[in-house]
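Structural overview
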Amino acid sequence: MTTICVDAMGGDREPQVVLEGIAAALDKDLELCVLVAGPESLVVPFCADHTRARALACTEAIEMDEHPSEAVRAKKDSTIVRGCAAVHAGEADGFFSAGSTGAVFAAASLSVGRIKGIKRPALATALTGPEGRKTVFLDLGANADVRPEMIVQFAHMGRAYAKVVLGVQNPRVALLSNGAEETKGSELALSYHKALAAEPGNWFAGNAEGTDLLAGTYDVIVTDGFTGNVALKSLEGTAKYILHEVRRATEDSKRAVAGALLLKPTLKQLAHDLSGDELGGAILLGLKAPVLIGHGDTSAEAVKNGTLATADAMRGGLVNKIADAIAHDDD
């Protein structure tokens, strides 16, 4: 059995949404156990109705607007702190939360701990491109200031994730820049390129542009957390704008309504792909156990998939593959 701790208080929606997602994950995976972190009045009755669920009663929760590191230090009995501590103690194999990204990052870095040799964990997700092709994108915001050697580690971690989660045999990595030519980019980006190009093996493919993020051209695209977060938020904002305009158009025109009905299946799939629900969120790479962070406005489907993805990362040996990549300059 694989045990994943899930934060019942994570996310902007009611805790019931998280509990529905946990129940769906348990129904989907019969080899899964879930340690449910939350108020006793909430988690104990839920676990009593689900044989492979155990309660982790907590008296506190970290809110989205709290300072992450200060909240982690002050709220020792919060669901995020207790959940990460449960992983450290061996009571769970991984942790999933749709709560504060900063708080999860801080608590996981302290309690779960980094893999030997990892300088900083990185936040990664898989973006969906044409015909379902996926591109691992990191760092999404965990590290705003990054040195060249850290970018190299991010690349190795992204490759390991692509192998374990996406099943890519020999992932190709590109560096996000403002042009495909190797001479393009700021001085910092050029130093990243030089460090990546010096790595052994033929997996570094050179520079990628912003248009490559959803094109499925590369298996992994790597950048610093500042650039990655700006790029990701730009994609999310563009997607929301497009969907908003489509809805607005249907209100103004009967012909548009007819067209929207024909496009409805495609638009629903597009919204699903861009929401991140399929993978449940973003994963913190470089820790001693899988830790997944969902979107704040998460759904029961995303909680289900995030819980299952955390278990799959554990079973697939993601942590060991990252450790091996860092220790042996992975092929």
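One structure accompanies this document, and this report is about it. Keep in mind that this is a model prediction, so the values were computed, not measured.

Taken as a whole and judged by the stated rule, the model has zero disulfides. With no disulfide partner, C58 has as its closest neighbouring cysteine sulfur the one in C5, 7.5 Å distant.

Next up on the list: the side chain of D212. With respect to the secondary-structure elements, D212 resides in the loop between β8 (204-208) and β9 (220-222). Salt bridges are absent for the buried D212, whose nearest opposite-charge side chain, R172, sits at 9.2 Å. Filtering out sequence-adjacent residues up to four positions away, D212 remains in contact with T217, Y218 and I221.

Glancing now at the packing of helix α1 (residues 15-28) against helix α10 (residues 300-315). Angle between the axes and distance between the axes: these two values describe a pair of packed helices. At their nearest, the axes of α1 and α10 sit 7 Å apart, and the two run at 50 degrees to each other. Relative to α10, the element α1 is oriented oblique. Relative to α10, α1 is oriented so that their crossing is right-handed. Contacts between α1 and α10 pair V17, V18, E20, G21, I22, A24, A25 and K28 from the former with A300, V303, K304, T307 and L308 from the latter. Across the contact of α1 with α10, the residue classes tally to eight nonpolar, two polar and three charged.

The next point concerns the sheet that holds strand β2 (residues 32-38). Ordered by their spatial adjacency, eleven strands build an open sheet running β3-β2-β1-β4-β11-β10-β5-β6-β9-β7-β8, and the pairing between neighbours is mixed. Strands at the two margins of the open sheet, each flanked by one partner only, are β3 (53-57) and β8. Averaged over all adjacent pairs, the angle separating strand axes in this sheet is 25 degrees, with direction ignored. Bridge count between strand β1 (residues 2-7) and β2: six bridges; the pairing is parallel. Bridge pairing in β2 places C5 opposite L35. Strands in contact with helix α2 (residues 40-48) are β2 and β3; relative to β3, the strand with the most contacts, it is inclined by about 165 degrees. Running at roughly 165 degrees to β8, helix α7 (residues 187-197) makes contact with β7 (173-176), β8 and β9 of the sheet.

What counts and how
Residues numbered from 1 in each chain as written. Predicted model: local features only at pLDDT ≥ 70, side-chain atom pairs only at ≥ 80, totals over all residues. Heavy atoms only, no water. Disulfide = S-S within 2.5 Å. Helix = DSSP H or I, 4+ residues; strand = E, 2+ residues; numbered from the N terminus. Buried < 20%, exposed > 50% of the residue type's maximum accessible area, 1.4 Å probe, protein only. Lys, Arg positive; Asp, Glu negative; His and termini not counted. Salt bridge = Lys/Arg side-chain N within 4 Å of Asp/Glu carboxyl O. Contact = heavy atoms within 4.5 Å. Axes fitted to C-alpha atoms, helices over the stretch in contact; angles between N-to-C directions. Parallel < 35°, antiparallel > 145°, perpendicular 65-115°, else oblique. Left-handed = near helix turned anticlockwise from the far one by under 90°. Nonpolar A, V, L, I, M, F, W, Y, C, P; charged D, E, K, R; others polar. Pairing = 2+ DSSP bridges.

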